[in-house]
Amino acid sequence: TNQRRKSSCSMAQVNVEILCAGDQLHYPKSGNTVSIHYTAFLSGSLTKFDCSRQRRKPFKFKIHAEQVIAGLDESVAQLSIGER
């Protein structure tokens, strides 16, 4: 079931499309390291500009540690384990 979530930060709005539900019990906390795959598109278009799956390497970062842009940080913090 596809779901859409919006996450807003001070500068931008990020749209997250949920393709597969996670466990809906376990969510990352501040300081946790997460490992994700992502596909990034230009806003308002179908132009893909980056994809971790094509590199066959998940992207890892710590939640709320200012290691990534705020929109990615906030969006991933709302995903439960296994959510895609």
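Residues numbered from 1 in each chain as written. Predicted model: local features only at pLDDT ≥ 70, side-chain atom pairs only at ≥ 80, totals over all residues. Heavy atoms only, no water.

**Details of the overall build of the chain**
Counting secondary structure elements, the chain contains two helices and six strands. Counted from the first residue to the last, the chain has its helices and strands arranged as β-β-β-β-β-α-β-α. Residue burial in the chain is summarised as follows: out of 84 residues, 24% are buried. Contacts spanning at least 24 positions in sequence make up 51% of the contacts within the chain whose residues lie at least 6 apart. As displayed, the chain has an accessible area near 6,300 Å², and 52% of this comes from carbon and sulfur atoms. (Helix = DSSP H or I, 4+ residues; strand = E, 2+ residues; numbered from the N terminus. Buried < 20%, exposed > 50% of the residue type's maximum accessible area, 1.4 Å probe, protein only. Contact = heavy atoms within 4.5 Å. Areas by Shrake-Rupley, 256 points an atom, 1.4 Å probe, with all protein chains shown as cover.)

**Details of the nonpolar core**
The biggest cluster of nonpolar side chains holds seven residues, and these are Val34, Ile36, Phe61, Ile63, Val68, Val76 and Ala77. When residues of this core are traced back to their parent elements, those giving at least two are β3 (33-36) and α2 (70-77). Non-local contacts of Val34, meaning those with residues more than four positions away in its chain, are made with Pro28, Phe59, Lys60, Phe61, Ile63 and Val76. (Core = buried A, V, L, I, M, F, W, Y, C linked by side-chain atoms within 4.5 Å.)

Shape descriptors only; they carry no functional weight alone.
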